[in-house]
Structures are given as structure tokens and as C-alpha cells.
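Architecture and fold: a report
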Amino acid sequence: ACGGTMRGSSGIISSPNFPNEYHNNADCTWTIVAEPGDTISLIFTDFQMEEKYDYLEVEGSEPPTIWLSGMNIPPPVISNKNWLRLHFVTDSNHRYRGFSAHYQG
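These numbers come from a predicted model, not from an experiment.

1. Topic: the pattern of salt bridges
Taken as a whole and assessed by the stated rule, the structure comprises two salt bridges. The residue Arg95 makes a salt bridge to Glu21 at a minimum N-O spacing of 3.6 Å. Taken as a pair, Arg95 in the loop between strand 8 (83-89) and strand 9 (98-104) and Glu21 in the loop between strand 2 (10-14) and strand 3 (27-33) lie far apart in primary sequence, 74 residues in all. Across the pair Arg97 and Asp46 runs a salt bridge whose closest N-O atoms are separated by 2.6 Å. Of this pair, Arg97 sits in the loop between strand 8 and strand 9 while Asp46 sits in strand 4 (residues 41-48); the two residues are 51 residues apart in sequence, bridging distant segments of the chain. Judged by its relative accessible area of 17%, Asp46 falls in the buried class.

Now the structure itself:
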């Protein structure tokens with residue numbers, strides 16, 4: 001499954017094919033929705049992407065848009081609303097494991 005809406009107090013989001021290599025030319029969007037008034041924390045447990053060319057864009061936090069790429073596990077992301085949007089994009093070269101993250105409302 002590439003993208004979709006995630007509801008519930010917790011769950012796991014990972015790139016397509018994880019822990020195997022993701023596909024080239026991927027374009028996936030997930031929206032995590034919590035109860036009104038709640039915030040969401042997103043904790044990465046694995047992160048491996050082609051620096052600059054493959055990325056995960058996270059919206060709904062401070063700063064409003066965070067671009068994540070490369071080989072280091074990013075710090076946790078906390079939403080400032082009751083939703084977070086994750087947009088995963090890859091180019092036509094080099095494939096890595098991608099990402100896996102645990103979210104909690």
C-alpha cells in the first residue's frame with residue numbers, strides 16, 4: 001500500500017516494500033488523523049534514502065514543512081494540529097531501504 005489515511009491512536013507507517021528496497025519513481029502520501037485537539041508524535045525507527053534525490057516531506061508540524069533525506073534517523077516530529085501529512089518521493093536512480101516510523105496520537 002502506497003499512501004492512504006491512517007486513523008487510531010497509534011500505528012506504523014513505512015515506505016513501500018520496507019524493509020526491502022523501495023521502488024523508483026514512487027510518489028506516496030499518507031495522512032495521519034488523530035482526535036480533534038490531540039497532537040501526533042512520529043518516531044522514526046529506520047531511515048535510509050538517497051541523499052537529496054529521494055525524500056520524505058512532513059507537513060503539519062513546526063516548522064510547517066520538514067524535508068527528510070539521507071541516512072540518519074531524523075528526530076521525532078510532533079504535530080501542532082490533529083493531523084500530519086507524509087509525502088514520500090523517489091527518483092529513477094538508486095534504491096534504499098526507505099523509512100519506518102511509529103506514530104502515536
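2. With respect to the UniProt feature "domain: CUB" (unreviewed entry) in the protein chain
If you check UniProt for "domain: CUB" (unreviewed entry), the listed places come out as residues 2-105 in our numbering. Note that residues 2-105 is 0% helix and 47% strand, and that its end C-alpha atoms are spaced 21 Å apart.

3. Things to note about the nonpolar core
Leu42, Phe44, Leu56, Leu86, Phe88 and Phe99 are the most contacted members of the largest nonpolar core, which totals 23 residues. Going through the elements one at a time, strand 3, strand 4, strand 5 (55-59), strand 6 (65-68), strand 8 and strand 9 are the ones with two or more residues in this core. The residues contacting Phe88, other than those within four sequence positions of it, are Ser15, Pro16, Tyr22, Ala26, Asp27, Cys28, Trp30, Met49, Tyr55, Leu56 and Phe99.

4. Re the side chain of Asp46
Here Arg97 takes part through its side chain, which lies 2.6 Å from a polar atom of the side chain of Asp46. Filtering out sequence-adjacent residues up to four positions away, Asp46 remains in contact with Phe18, Ile73, Arg97, Gly98, Phe99 and Ser100.

5. Considerations on the packing of aromatic side chains
Per the stated rule, a full pass over the model turns up six aromatic pairs. Arranged with centres 6.5 Å apart and planes meeting at 70 degrees, the rings of Phe44 and Phe99 form a pair that is edge-to-face. On the criterion of sequence distance, the pair formed by Phe44 in strand 4 and Phe99 in strand 9 is long-range, its members being 55 residues apart. On the basis of relative accessibility, which here comes to 0%, the residue Phe99 falls in the buried class. Seen from their ring centres, Phe88 and Phe99 are 5.5 Å apart, and the 65 degrees between their planes marks the pair as edge-to-face.

Thresholds applied
Residues numbered from 1 in each chain as written. Predicted model: local features only at pLDDT ≥ 70, side-chain atom pairs only at ≥ 80, totals over all residues. Heavy atoms only, no water. Salt bridge = Lys/Arg side-chain N within 4 Å of Asp/Glu carboxyl O. Helix = DSSP H or I, 4+ residues; strand = E, 2+ residues; numbered from the N terminus. Buried < 20%, exposed > 50% of the residue type's maximum accessible area, 1.4 Å probe, protein only. UniProt positions renumbered as here; feature names shortened; annotations may be inferred. Core = buried A, V, L, I, M, F, W, Y, C linked by side-chain atoms within 4.5 Å. Contact = heavy atoms within 4.5 Å. Polar contact = N/O pair within 3.5 Å; in protein donor to acceptor, adjacent residues only side chain to side chain. Phe/Tyr/Trp six-rings, centres within 6.5 Å; stacked < 30°, edge-to-face > 60°.

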